[in-house]
Amino acid sequence: KGILAQIMDKKEIGHISDETIQLLRTPQYLDTYCRIYDKEHPVMNFANPQNLYEELWRIQVIHSKVGKRNELECLIYKIAERIQKEETLAAKWIIPAEEVLLIEYLSTQGIVTYENHTIRFFHQSFYDYVFARKFVSDQKSLSEWILSKHQGLFIRGTIRQVFSYLRNYDKSRYNTELKTCLFSTGIRYHVKLLMLQDLAVLENPTMHEKNIIAQAMKNDKELFETFLKQGISGDWIDFLLPKMQKE
């Protein structure tokens, strides 16, 4: 709150939720919050990093006056795709003439860093957000994409962000992908563990999410036991305890 006091008055700080304060304990999220804060049109609270980055995207990309319509957005997506292809956070990049002003703008806004013919986003979490945004927009299948990869550690953050994006914006696809991924024999354990960790902490899991875990309890004991070891929330305990007592 001490840092926030430098950009807003005490009355405004009093309107910031505990959820947002917890989010802003992470340095890159605090930095983003300070950069996009506008005293004239303050957006105080964000439920998660995705909502915070959505506001950054709205201000610095959608409402930017640099370049033609969608030109900036297309370039950001292009950078994310290059990073994914090279599996490195600093991708090789030679700036063509038509991109010079766009790259300069993104650098000035702190969205990218360009040096020694490489380009990177200000933080991996923003790269994951950008990739997820494009991935969901393109209507791609996450399970098919995971199966097409060697499923190394580099894609973990991306998978987590895509699932989060789907859960917020396309429940039907999220439900299908979650079930397919968790019960696929081709998807590696550490990838499934990532999904189970995110499921376990949900305070209000949906009925579909509950049904998937109930299915695991009946048909995949190893998956179910792994889920229980993740420090599940109170809502999960209330749902699963009666079922486990019947077993």
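Anything mentioned here points back to the structure above.
Each chain has its residues counted from 1, running along the sequence as written. Per-residue local features of the predicted model are confined to residues with pLDDT of at least 70, and side-chain atom pairs are confined, for both listing and counting, to 80 or more; whole-chain, interface and lining totals are unaffected and use all residues. Side-chain numbers here rest on the full set of heavy atoms in the structure, without hydrogens or water.

1. Notes on the packing of aromatic side chains
At step 1: A pair of Phe, Tyr and Trp rings is counted when the ring centres sit within 6.5 Å of each other, with Trp represented by its six-membered ring. The angle between the planes then sorts it: under 30 degrees is stacked, over 60 is edge-to-face, the rest tilted. In this structure the tally under the stated criterion is 20 aromatic pairs.
At step 2: With 6.1 Å between their ring centres and 40° between their planes, Y127 and F154 make a pair best called tilted. Taken as a pair, Y127 in helix α7 (residues 124–137) and F154 in the loop between α8 (142–148) and α9 (156–169) lie far apart in primary sequence, 27 residues in all. Of the two residues, Y127 and F154, neither departs from the other in class, the shared state being buried.
At step 3: Taking 5.8 Å as the distance between ring centres and 75° as the angle between the ring planes, the aromatic pair formed by F135 and W145 counts as edge-to-face. Here F135, found in helix α7, pairs with W145, found in helix α8; they are 10 residues apart in sequence, far enough to count as distant. W145 carries the same exposure label as F135, and that label is buried.
At step 4: Sitting over the face of the ring of F122, R35 holds its NZ or CZ atom 4.7 Å from the ring centroid.
At step 5: Criterion for a charge above a ring: Arg CZ or Lys NZ at most 6 Å from the ring centre, at most 35 degrees from the ring normal. Cation over ring: K134 sits above Y77, and NZ or CZ is 5.7 Å from the ring centre. For the purposes of this entry, the term helix denotes a DSSP run of H or I that reaches at least four residues, the term strand denotes a run of E that reaches at least two, and both are numbered from the N terminus. Partly exposed describes any residue whose relative accessible area lies between the buried limit of under 20% and the exposed limit of over 50%, with all areas from a 1.4 Å probe on protein chains only and scaled to the type maximum.

2. Remarks on the pairing of strand β2 (residues 112–115)
At step 1: One bridge is not enough; two strands pair if DSSP finds at least two bridges between them. Pairing geometry for β2 and strand β3 (residues 118–121), over 4 bridges, is antiparallel. Residue pairing across strands places E115 opposite T118, the latter belonging to β3.
At step 2: The loop that links β2 with its antiparallel partner β3 comprises 2 residues; one of these, N116, has a positive phi angle of about 50°.

3. Concerning the side chain of E177
At step 1: Residue position: E177 is located in helix α10 (residues 171–183).
At step 2: A polar atom in the side chain of E177 sits 2.9 Å from the backbone nitrogen of S143.
At step 3: What makes two residues a contact is simply this: any of their non-hydrogen atoms within 4.5 Å. For E177, the residues in contact, after removing those within four places along its chain, are K140, S141, L142, S143, F163 and L166. Under this definition, polar contacts are N or O atom pairs within 3.5 Å; protein pairs additionally need one hydrogen-donor-capable and one acceptor-capable atom, and for neighbouring residues in sequence, both atoms have to be side-chain atoms.

4. A closer look at helix α6 (residues 100–108)
Helical geometry note: an α-helix holds 3.6 residues per turn, so side chains three or four residues apart project in the same direction.
At step 1: Listed as buried for α6 are L102, I103, Y105 and L106. One side of α6 holds all its buried residues, which, seen down the axis, span an arc of 160°. Seen from the buried face of α6, the exposed residues on the opposite side, beyond 90 degrees, are L101 and T108.
At step 2: In the core, the buried residues of α6 are packed alongside α4 (49–62), α5 (71–86), β2 and β3.
At step 3: Count one or two residues on from α6 and you reach G110, which has phi positive near 80°. Along the arc lie the directions from the helix axis toward the C-beta atoms.

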